[in-house]
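One-letter residues, chain by chain:
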Amino acid sequence: MEKKRVVIIGLGLIGGSIALAIRKKHPAVTIIGIDLDQKQLKIACALGIIDEASNEIKKEAENADLIVFSCPVKATETFLTQMVSWSLKPTVLVTDTGSTKGSIMDAAAGLLAKGIHFIGAHPMAGSHKSGVQAAKVDLFENAYYLITPADNQPDSQAVVEEFKQWFDGTASKFLILSPAEHDQITGMLSHLPHIIAASLVNQTTDFSVKYPLAKRLAAGGFRDMTRIASSDPTMWTDILLSNNQVLIQLVTNWRDEMSQLLEMLESNDSKAIYHFFDQAKETRDAMPIHKEGALPAFFDLFIDVPDYPGVISEVTGYLAQEKISVINLKILETREEINGILQLTFQNQEDLKQAKSCIQKNSSYHCYNK
Ligand SMILES: NC(=O)C1=CN([C@@H]2O[C@H](COP(=O)(O)OP(=O)(O)OC[C@H]3O[C@@H](n4cnc5c(N)ncnc54)[C@H](O)[C@@H]3O)[C@@H](O)[C@H]2O)C=CC1
Ligand SMILES: O=C(O)C(=O)Cc1ccc(O)cc1
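Residues numbered from 1 in each chain as written. Chains lettered and ligands numbered in written order. Predicted model: local features only at pLDDT ≥ 70, side-chain atom pairs only at ≥ 80, totals over all residues. Heavy atoms only, no water.

Stated formally: UniProt positions are given in the numbering used here, feature names are shortened, and annotations may be inferred rather than shown by experiment.
In the annotation of an unreviewed UniProt entry, the protein chain is listed under the name Prephenate dehydrogenase and assigned to Carnobacterium divergens DSM 20623. For the protein chain, the Catalytic activity (unreviewed entry) comment in UniProt is given as "prephenate + NAD(+) = 3-(4-hydroxyphenyl)pyruvate + CO2 + NADH".

1. Here we look at the overall build of the protein chain
Defined as follows: Numbering of helices and strands starts at the N terminus; helices are DSSP runs of H or I of at least 4 residues and strands are runs of E of at least 2. Our radius of gyration looks at C-alpha atoms and nothing else; its globule reference is 2.2 Å times the residue count to the power 0.38. Throughout this description, buried means an accessible area under 20% of the type-specific maximum (1.4 Å probe, protein chains only), exposed means over 50%, and partly exposed covers the range between. Contacts were defined at the residue level, with two residues in contact if any of their heavy atoms lie within 4.5 Å.
Within the protein chain, the regular secondary structure consists of 15 helices and 12 strands. For 370 residues, the compact-globule estimate of 2.2 N^0.38 gives 21 Å, and the C-alpha radius of gyration of the protein chain, at 23 Å, lies within 12% of that figure. Split into buried and exposed, the 370 residues of the protein chain put 41% on the buried side. Of all intrachain contacts in the protein chain linking residues separated by at least 6 positions in sequence, the fraction that spans at least 24 positions is 73%.

2. Considerations on the sheet that holds strand S5 (residues 93-96)
Short version of the rule: Between any two strands, pairing holds if DSSP finds at least two bridges. To obtain each axis, a line is fitted to C-alpha atoms, and for helices this fit is confined to the stretch in contact; angles are then taken between N-to-C directions over 0 to 180 degrees.
In spatial order, the strands read S3-S2-S1-S4-S5-S6-S7-S8; together these eight strands make up an open sheet with mixed pairing. Taken across any chain shown, the strands that pair with only one partner, and hence form the sheet edges, are strand S3 (52-54) and strand S8 (173-176). Recorded for the sheet is a direction-independent mean angle of 25 degrees between the axes of neighbouring strands. Pairing of S5 with strand S6 (residues 117-123), which is carried by three bridges, proceeds in the parallel orientation. Residue pairing for S6: valine 94 is matched across the bridge by phenylalanine 118. Seen against the sheet, helix H4 (residues 73-82) touches strand S1 (5-9), strand S4 (66-69), S5 and S6 and runs at an angle of roughly 145 degrees to S4. Across the face of the sheet, helix H8 (residues 179-210) comes into contact with S6 and strand S7 (144-149) while running at roughly 145 degrees to S7.

3. Considerations on the site of ligand 1
Selection criterion: We call a residue near a molecule or strand as soon as one heavy atom of that residue lies within 4 Å of the molecule or strand. For this analysis, a polar contact is any N or O atom pair within 3.5 Å, provided that within protein one partner can donate a hydrogen and the other can accept it, and provided that sequence-adjacent residues contribute only side-chain to side-chain pairs. Residue-level accessible areas treat just the shown protein chains as cover; the underlying method is Shrake-Rupley with a 1.4 Å probe. In this classification, the charged set is Asp, Glu, Lys and Arg, the nonpolar set is Ala, Val, Leu, Ile, Met, Phe, Trp, Tyr, Cys and Pro, and all remaining amino acids, among them Gly, are polar.
Among the 27 residues in the neighbourhood of ligand 1, the closest are listed as Ile14, Asp35, Cys71, Ser99 and Gly131. Separating an oxygen atom of ligand 1 from a side-chain N or O atom of aspartate 35 is a distance of 2.6 Å. One nitrogen or oxygen atom from the main chain of serine 127 is found 2.9 Å from an oxygen atom belonging to ligand 1. In the complex, 87% of the free accessible area of ligand 1, which totals 840 Å², lies under the protein chains. Listed by contribution, the elements that provide at least two residues to the shell around ligand 1 are helix H1 (13-25), H4, S6 and helix H11 (233-242). When residues in the shell around ligand 1 are grouped by element, the largest group, three residues, is from H4. Tallied by class, the residues present in the shell around ligand 1 amount to 13 nonpolar, 12 polar and two charged.

4. Thoughts on the pattern of salt bridges
Counted only if it meets this: A carboxyl oxygen of Asp or Glu within 4 Å of a side-chain nitrogen of Lys or Arg is what we treat as a salt bridge.
Summed over the entire model, instances satisfying the criterion amount to 11 salt bridges. One salt bridge in this structure joins glutamate 322 and lysine 361, with 2.6 Å as the shortest N-O distance. A residue pair is termed long-range when its members are at least 10 positions apart, and glutamate 322 in the loop between helix H14 (311-321) and strand S10 (328-335) and lysine 361 in helix H15 (residues 349-362) qualify at 39 residues. Judged by relative accessible area, which is 60%, lysine 361 ranks as exposed. If you follow the salt bridges from partner to partner, you end up with Arg5, Glu52 and Glu60 in one network.

5. A closer look at the layout of surface pockets
To locate leftover empty space, one rolls a probe as large as a water molecule over the atoms. The line we're drawing: Cavities and pockets were defined on a 1 Å grid built over protein atoms only: a cavity is a set of grid points that admits a 1.4 Å probe from which the probe cannot escape, a pocket is an open set flanked by protein on both sides within 12 Å along at least five of seven lines, and lining residues are those with an atom within 4 Å of any such point. Grid points are joined across faces, edges and corners, and a volume is the space filled by probe spheres set on the points.
Its boundaries defined by the atoms lining it, the second largest pocket holds a volume of some 250 Å³. For the second largest pocket, the full set of lining residues is Glu2, Lys3, Lys4, Arg5, His26, Asn63, Asp65, Lys89, Thr91, Glu162, Gln165 and Trp166. Here the lining of the second largest pocket gets three residues from one element, more than from any other, and that element is helix H7 (residues 156-166). Counted by class, the lining of the second largest pocket contains one nonpolar, four polar and seven charged residues.

Here's what the structure looks like:
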């Protein structure tokens, strides 16, 4: 029997992780990657994430059994409208991973009208990191995978089952909702927080020119609130444009809330200020947000290392001896110019645990994780 062909368009963090999860449960498929950035394809081939790289989207789509769009939302919309004139297999399943669903479902209307099976989908896990080098097979484990099947699709139930079979390897929790409900909820819980994080960081740009020390002191609450401001700007531009109406309302509400706070400050209204924080605490404490967050984190280990040139190869050498793979390595600002902090990122908790004991066994460096 001929091997099934899976075509993934946009081979970054999400496309790469989807490819790994599909391969886990469907080892016999051929996975073809398509990306504007040839470097991403090269890395994906080298890591064995895809079997083939291609630049011929139409040809690959016409031979595909499963097509996954994991590029920015606007590019997905363009492809979905172009595909109406392509000769796709009548049995193909088309899906996407975009962070918004209303405009995607609108763009898929032509395909659906032709009887092509399409399911809008959004894995609710990810990171501020981008690129296929950050992809991991368990990125979506235990996270919600939101799906918005079209209501006018005949055999809608069977299409959903087909989708679940393909994406079983993600080990995520599938949840069906309408595109409008999806965009309202993610607007509030994901898109608005990204806007606020970016605006907070932007506010510090001029500020840290005047107060250069501020950059070095940015820790704690600022760090917790602004990690996501390092996300990819193209991806977020598309998300804002495609959830435009919902976000106009949410940003307006946010502005009103800030105007009220400003009044409380101007009038030194201690009771109202207390109530502002008390209400937030009560709501936050009651939220089912687990310690590690609703979105799985990458697993970081921090090591206080002396400031000498060979220290990185010394530490990574210990890990290499025990075949522990590091997915990212960063030197953080030095602390009082004496120690450097080496940040090593691992794929999972097990690797992090092994790395920590390996470094403790081989050196006297202090290492810690959150
Ligand atoms: N980053 C995250 O945490 C999450 C992202 N998403 C959604 O998944 C999609 C992908 O996001 P990431 O993987 O994080 O982004 P990424 O930036 O890591 O990867 C996107 C890839 O798409 C490629 N691309 C851009 N335009 C293209 C085009 N016209 N044709 C072919 N390839 C193109 C880029 O070169 C890049 O390699 C986005 O739609 C995003 O909204 C969904 C859940 C989580
Ligand atoms: O890194 C984080 O905390 C994120 O918020 C990642 C993320 C980005 C976009 C999505 O549509 C879903 C998840």
